[in-house]
Amino acid sequence: MRMSQLFSQTLREAAADADVASHRLLLRAGFIRQLASGIFCYLPLARRAMDRVETIIREEMAGIGGQEITMPVVHPADIWKATGRWYEIGTEMGRFQDKSNRDMVLAMTHEEVTAFLVSRLIKSYRQLPQLVYHIQTKWRDDPRPRSGLIRVREFTMKDSYSLDTDWDGLEKQYRAHYQAYFNIFERCGLDTIAVKSDVGMMGGRVAHEYMYLNSIGEDTLMLCDQCQYAANRQIATFRQPVVPQAQPAPLEKVSTPDTQTIEELTRLLGIPASATAKAVFLVARLLRDGEERDQFVLAVVRGDMELNETKLTNALQARELRPAHEDEIRAVGAEPGYGSPLRVQGAMVVVDAAVPSSPNLVAGANESGYHMLNVNCGRDYEPDLVVDLAAAQEGDGCPVCGAPLRARRGVEVGNIFQLGTKYTEALGGYFLDAAGANRPVVMGSYGIGVGRLLACIAEEYHDDQGLVWPVSVAPFDVHIVALARKPGPALQEAERLYRELTEAGLAVLLDDRGENAGVKFNDADLIGVPARLTVGDRSLKNGLVEFKLRREDERLEVPLAEVVQHVVQAVDRLRGELLARVGPVEYRA
RNA sequence: CGGGGUGUAGCGCAGUCCGGUUAGCGCACCUGCUUUGGGAGCAGGGGGUCGUCGGUUCGAAUCCGACCACCCCGACCA
């Protein structure tokens, strides 16, 4: 590609609202342009890099038996109604009506369509197992797109769907993906870790997320250095601290004016936060007997812990959870700021597992300005449910080995779900087994956000000057900077190298523009092609061309006759480095 | 959805408080000449519904109102 023809434009200054490095640089280097909030155009440089990412994905999917298909972006709402997700998912789903007022859905994911295909194609156990995938546009009307390509509303996702006769088959395909995903990310040069995760709107049993560790990440991960336990904080468990046991003491009311927070309470009474109980008031939307209804929930965790709303949502199988309003709190007989389960009526009391084993806690008196000493779960109030509700925190004991957990931020670049039969049952995806029985196909679902992956790579590989692409995903392999404005030896040699390197199978970008040397060098650094050749009269006089790797400062003068071979070898070496990263990974359930 | 912020040329900004020539600067873009190993020099030029609608006024980028868009924090979400 000649830079003079490239449909792009580098920018000296980035847009003011680009706050993360990948966004700023992809914009400045002319890879992307934003059309609307969370909606981007991918210009040729980005398209080429995405193509390479997609090629790697296709190769790895083929490696585990995947067959590529294409499923539509627009779906009739019927299939989403059949699985219930039309009703369960809120504003995140794009909905519209076609000209005959039929409800339509913009695809957020393709479990429904896959299950539809299963219902049409799979009749017998002899046709299973299967693995299909596609690389397709998704629409999720995220309440808050941000960080450039990291979090967008319209995006390209590789999603694959495994189809099996039973859970053992699913387990096999799941583990195949587990490994293939590491292969994909390593080949892209990106280090990731797999963490156990919540199943969220997908449903199902087991799920892992692939996380690129970086402080710009929006997910918090709890990691154990000792035993490699790794989980999203949304579901992370931890070892319960040992609590000194004591005889329950009598309830006692104390005056605690202007003491609405745990911190104020511990200061006033001179006690540790672990000796207090915290009441959190929420309203859960529950689905019971096909009817939606709101249930007031009083969650109790110890004062030194934090409520994990995902855990509570899952424990209640709630559709939605929101903070309660003050009038709702008063309606059950509780007092905001001085709340506790004592003498409340009409609330579902859900208690964290650490609370019943912690005697004589200080809790609110449900009366403004007063707390109660020596509150004991089971004696002073009856919980409706005792479950793990507390969020793991940095330093908490690893649930497996007890070593202190570390909290890190990460970006989710992929996920894998063991779905089961939810979708196939809903859409008639049944097969006949060897005994002639009708059984639903067991599904797994596996996603990778292609654009997000690219952004994470950009985030990991850049410096002050610009992007520094790993060769496997770089839009070009070599960038030839021709330091010549008019026809002459330099331009002639640059053109010859462009031809010969292209013939040698490399993707070559030739800067043939009439720009100054400085402009060309800076643009080359910004775009971040891994290898650079500088063809100018100065070196050419001595029969030399300058070679430089983007990631290194060192420059090398190479004799004209050896240039092509030198570049080919250098690119091969870079490719080899990335391939060497791929290897078997131990599966961690 | 709650809180905060910003909308003036492709990008970055000034002008808005205190209404008053033809709305300005840098970069980018076009033409010509010069220059050519790290964001060049000179000369000339093109490009604006000042986010939108409404109001106040002799007069609105500027004051008032509503709306819209975008960004950040939170809620939410994969």
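Residues numbered from 1 in each chain as written. Chains lettered and ligands numbered in written order. Predicted model: local features only at pLDDT ≥ 70, side-chain atom pairs only at ≥ 80, totals over all residues. Heavy atoms only, no water.

## Describing the state of the cysteines
Here is the rule: When two cysteine sulfur atoms are found within 2.5 Å, that pair is recorded as a disulfide. Buried means the residue's accessible area, taken with a 1.4 Å probe over protein chains only, is under 20% of the maximum for its type, while exposed means over 50%, and partly exposed covers the values in between.
One pass over the full model with this rule turns up zero disulfides. There is no disulfide at cysteine 224, and the cysteine sulfur nearest it, in cysteine 401, is 3.5 Å away. Of the cysteine sulfurs around cysteine 398, a residue in no disulfide, the closest is that of cysteine 227, at 3.5 Å. The exposure class of cysteine 398 is buried, given its relative accessible area of 0%.

## Considering the domain arrangement of chain A
For clarity, the threshold we go by: Here the bounds of each domain stem from an automatic or database domain assignment. In what follows, residue pairs with any heavy atoms lying within 4.5 Å of each other are defined as contacts. Each of two parts loses accessible area, computed with a 1.4 Å probe, when they are put together; buried area is these two losses added. Salt-bridge detection follows one rule: a side-chain nitrogen of Lys or Arg within 4 Å of a carboxyl oxygen of Asp or Glu.
By the assigned domains, chain A splits into domain 1 (21–235 + 407–459), domain 2 (252–390) and domain 3 (476–579). One C-alpha centre belongs to domain 1, the other to domain 2; they are set 37 Å apart. The interface of domain 1 with domain 2 comprises six residues on the first partner and six residues on the second. Counting the surface domain 1 buries against domain 2, the share from its top three residues, Glu88, Arg233 and Gln234, is 63%. Applying the counting rule to domain 1 against domain 2 returns one salt bridge. Two residues, arginine 233 and glutamate 306, come together in a salt bridge whose shortest N-O distance is 3.7 Å.

## Let's talk about the side chain of aspartate 511
The following threshold applies: Here a helix means four or more residues in a row that DSSP labels H or I, a strand means two or more in a row labelled E, and each is numbered from the N terminus.
Mapped onto the secondary structure, aspartate 511 falls in strand β30 (residues 508–511). Of the residues examined, aspartate 511 reaches a relative accessible area of 0% and is grouped as buried.

## Some points on the pattern of salt bridges
All told, the structure shown has 47 salt bridges when counted by the stated rule. Between arginine 406 and aspartate 225 there is a salt bridge, with its nearest N and O atoms 2.9 Å apart. Pair noted here: arginine 406 is in strand β23 (residues 406–420) and aspartate 225 is in the loop between β11 (219–223) and β12 (230–232), with a separation of 181 residues, a long-range link. Here arginine 406 falls in the partly exposed class, since its relative accessible area comes to 27%.

## Examining the sheet that holds strand β13 (residues 252–255)
Our working definition: If DSSP finds at least two bridges between two strands, the strands pair. In this analysis an axis means a line fitted to C-alpha atoms, helices contributing only their contacting stretch, and an angle means the value between N-to-C directions, from 0 to 180 degrees.
Strand order across the open sheet formed by three strands is β13-β20-β19, with antiparallel pairing between neighbours. With one partner strand each, in any of the chains shown, β13 and β19 (361–367) form the two edges of the open sheet. The average undirected angle you get between the axes of adjacent strands in this sheet is 35°. Relative to strand β20 (residues 370–375), β19 runs antiparallel, the two being bridged by four bridges. Bridge pairing in β20 links alanine 363 to methionine 372.

## Let's talk about unusual backbone geometry
With an omega of 0°, the peptide bond between leucine 128 and proline 129 qualifies as cis. Tracing the chain through its elements places proline 129 in the loop between α5 (111–121) and β7 (130–139). Not every positive phi belongs to a glycine, and aspartate 258 is a case in point at roughly 50°. By secondary structure assignment, the location of aspartate 258 is in the loop between β13 and α7 (262–269). Judged by its relative accessible area of 71%, aspartate 258 falls in the exposed class. A positive phi angle, close to 50°, is found at glutamine 317, a residue other than glycine.

## Side note on the protein's contact with RNA strand B
Inclusion rule: Any residue with a non-hydrogen atom lying within 4 Å of a molecule or strand is treated as near it. Any pair of nitrogen or oxygen atoms within 3.5 Å is treated as a polar contact; in protein, a donor-acceptor pairing is required on top of that, and neighbouring residues in sequence qualify only through side-chain atoms on both sides. By the convention adopted, Pro, Cys, Tyr, Trp, Phe, Met, Ile, Leu, Val and Ala count as nonpolar, Lys, Arg, Asp and Glu as charged, and the other residues, Gly among them, as polar.
Close to RNA strand B lie 49 residues; Arg144, Arg485, Asn516, Asp525 and Glu546 are nearest. Backbone sugar and phosphate groups make up 44% of those atoms of RNA strand B lying within 4 Å of the protein. Contacts to RNA strand B include arginine 12, whose side-chain N or O atom sits 2.7 Å from a sugar or linking oxygen. Glycine 536 has a polar backbone atom sitting 3.5 Å from a base oxygen of RNA strand B. Taken together, the elements giving at least two residues each to the surface near RNA strand B come down to β1 (32–36), β23, α13 (517–527), β31 (531–536) and α14 (537–540). Residue classes in the surface near RNA strand B are distributed as 13 nonpolar, 12 polar and 24 charged.

## A closer look at the pairing of β1
Taken together, the four bridges between β1 and strand β2 (residues 39–42) define a ladder with antiparallel strand orientation. Note that in β2 the partner of glutamine 34 across the bridge is phenylalanine 40. Here β1 folds back onto β2 in antiparallel fashion, the turn holding two residues, of which glycine 38 has a positive phi close to 75°.

## Points about the pairing of strand β15 (residues 291–302)
As paired strands, strand β14 (residues 277–288) and β15 are joined by 12 bridges and run antiparallel to one another. From the neighbouring strand, leucine 286 faces β15, where its bridge partner is arginine 293. Pairing of β15 with strand β18 (residues 348–352), which is carried by four bridges, proceeds in the parallel orientation. Counterpart to valine 300 in the pairing with β18 is valine 351.

## A word on the packing of helix α2 (residues 44–63) against helix α6 (residues 167–187)
Basically, it comes down to this: By the definition adopted for this analysis, an angle is roughly parallel if under 35 degrees, roughly antiparallel if over 145, roughly perpendicular if from 65 to 115, and oblique otherwise. With the far helix as reference, a near helix turned anticlockwise by less than a right angle produces a left-handed crossing, and one turned clockwise produces a right-handed crossing.
One way to put it is that α2 packs onto α6 with a least axis distance of 10 Å and a crossing angle of 150°. Judged by the inter-axis angle, α2 sits roughly antiparallel to α6. As for how α2 packs across α6, the hand of that crossing is right-handed. Contact with α2, carried on its side by Ile56, Ile57, Glu59, Glu60 and Met61, involves His177, Ala180, Asn183, Ile184 and Arg187 of α6 and no other residues of that element. Tallied by class, the residues present in the contact of α2 with α6 amount to five nonpolar, two polar and three charged.

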